[in-house]
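# Inside the fold
Spelled out, the chains give:
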Amino acid sequence: MIETDVVVIGAGPVGLFQVFQLGLLGLSCEVVDVLPEAGGQCVALYPDKPIYDIPGVPVCSGRELAAQLLTQARPFLPLDPATGRSAHLHLGQQVMALSQDATPGFTLQTTSGQVFKARAVVIAAGAGAFVPKALPLPGLPADAPPPANLHHHLPVDGPPVPWAGQHLVVAGGGEEALQTVLDLSQASDDTRPSRITLLHRRDQFQAEPALDTAVRALITQGRVELALGVPQNVELAWSDAGVNAPPALTSITVLGPDSQPRTLPLEHLLVRMGLSPKLGPLADWGLPMERKQITVDTATYGTSLQGIHAVGDINTYPGKKRLLLCGFHEATLAAHALLARLRPDEPQHLQYTTTSTLLHQRLGVKH
Ligand SMILES: Cc1cc2nc3c(=O)[nH]c(=O)nc-3n(C[C@H](O)[C@H](O)[C@H](O)COP(=O)(O)OP(=O)(O)OC[C@H]3O[C@@H](n4cnc5c(N)ncnc54)[C@H](O)[C@@H]3O)c2cc1C
């Protein structure tokens, strides 16, 4: 169990800026995101698209903004030299349960079994947890663990790449699947699959013309195979390690547009059919909501449950705009409200990062 002042749910742009603001005010925090990478919508939905309305930043891409926010929050998310990761940034896990403790505070639990005990919670969950759209695979037992060679995300930290030198089937016909196929076909020798098959239900893609053309060229050159059809059944290999050990997919039988079944042997299946936000357990935490958004007061961004605040796209109030700039403002006021609540005896006066020695110490600025 990890004890902390604040747990931030969501490492999107607003959650990352929330970590920075809390750290600046001397509050400890842990941040959790279901995605394997920080950055929320900026990284998951529009990594390469330009953003023009961040004050003082004429233009930057979604991925660049997320990287800068992570760098800015780094004093409060320090990297462990042994792992190259921050012990305070918990990725690839969804916060499933939140309960109020008898002593003031909250207990939170994630899908990885991590438990947090926090004095306050900031929900920066955007439109909900981004979970990958699933490829329906008839024949996959519902009560068994998911196959070990079924993937939905690209490895974030680079090698080792599970499918290097093996046959990888990429499922999907949109931008995400096509870009993945293009990138993997050009990957370095130590990360590239030995064979790539693109599996889609029909011979028509939903992608920018340039991407469509590039992938079709790979197919024509024989560097990528195209398998058309809808999965009808799967073959699994079971491990000797017991019934709770994940099986491995060995083949998928698909029914093609010609109504002929075809068996596709594989070593790894990577489903790239996009992400969809799921509000999930958030809706059951007894928070006041309007149209799937949490209502807050605009002085503190607190909810009606004392100690729980909500910032960014997840909240609503009169005049709310789902803009990055507005989320950053909300995170700033929420941090100040939490300082007043959690450290009532500390001076609450505003300090500037330009001139405050205390803030410089917290930021690790050397004079
Ligand atoms: C195509 C597009 C273009 C845009 N362009 C602009 C623009 O030019 N300017 C602008 O100001 N805004 C723009 N926006 C809006 C902007 O991206 C959002 O306002 C911003 O991303 C909101 O940030 P957030 O941190 O609140 O939420 P998000 O970015 O949605 O991040 C929330 C994070 O919380 C995680 N999460 C949710 N629930 C849980 C849970 N239970 N457990 C663990 N993790 C959880 C999610 O996985 C996600 O990573 C654009 C949006 C889109 C889709």
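Details of the structure are given in the entry above.
To start, this report covers the structure provided alongside it. Note that the coordinates shown come from a computational prediction; the quantities given were computed from them, not determined experimentally. (Residues numbered from 1 in each chain as written. Predicted model: local features only at pLDDT ≥ 70, side-chain atom pairs only at ≥ 80, totals over all residues. Heavy atoms only, no water.)

Across the sheet, five strands lie side by side as 12-19-13-14-15; this open sheet has parallel pairing. Edge strands, defined here as strands with exactly one partner in the open sheet, are strand 12 (150-151) and strand 15 (225-228). Strand direction decides the pairing type here: strand 13 (residues 167-171) and strand 14 (residues 195-200), joined by five bridges, are parallel. Each bridged residue has a counterpart across the sheet, and for L168 the counterpart in strand 14 is I196. (Pairing = 2+ DSSP bridges. Helix = DSSP H or I, 4+ residues; strand = E, 2+ residues; numbered from the N terminus.)

Turning next to helix 5 (residues 209-220). For helix 5, with twelve residues, the first-to-last C-alpha span of 16 Å sits near the 16 Å given by 1.5 Å per residue. For helix 5, the complete set of buried residues consists of L211, D212, V215 and L218. Relative to the axis of helix 5, the buried residues are bounded by an arc of 125 degrees and lie together on one face. Facing away from the buried side of helix 5 by over 90 degrees, the exposed positions are P209, A210, T213 and T220. Backbone geometry just downstream of helix 5 places G222 in the positive-phi region, at approximately 80 degrees. (Expected span 1.5 Å × (residues − 1). Buried < 20%, exposed > 50% of the residue type's maximum accessible area, 1.4 Å probe, protein only. Arc of directions from axis to C-beta.)

Turning our attention to the site of the ligand. Neighbouring the ligand are 31 residues, the closest being D33, Y46, D53, V95 and D313. Within the backbone of V34, one N or O atom sits 3.2 Å away from a nitrogen atom of the ligand. Side-chain polar atom of D53 to a nitrogen atom of the ligand: 2.9 Å apart, as the coordinates give it. Here the ligand has 1,000 Å² of accessible area as a free molecule, and 86% of this is covered by the chains. Contributing elements (two or more residues each) for the shell around the ligand: helix 1 (13-24), strand 2 (29-33), helix 2 (40-44) and strand 11 (129-132). It is helix 1 that contributes the most residues to the shell around the ligand, three residues altogether. (Near = heavy atom within 4 Å. Polar contact = N/O pair within 3.5 Å; in protein donor to acceptor, adjacent residues only side chain to side chain. Areas by Shrake-Rupley, 256 points an atom, 1.4 Å probe, with all protein chains shown as cover.)

Remember, this is a structural readout, not a statement about activity or role.
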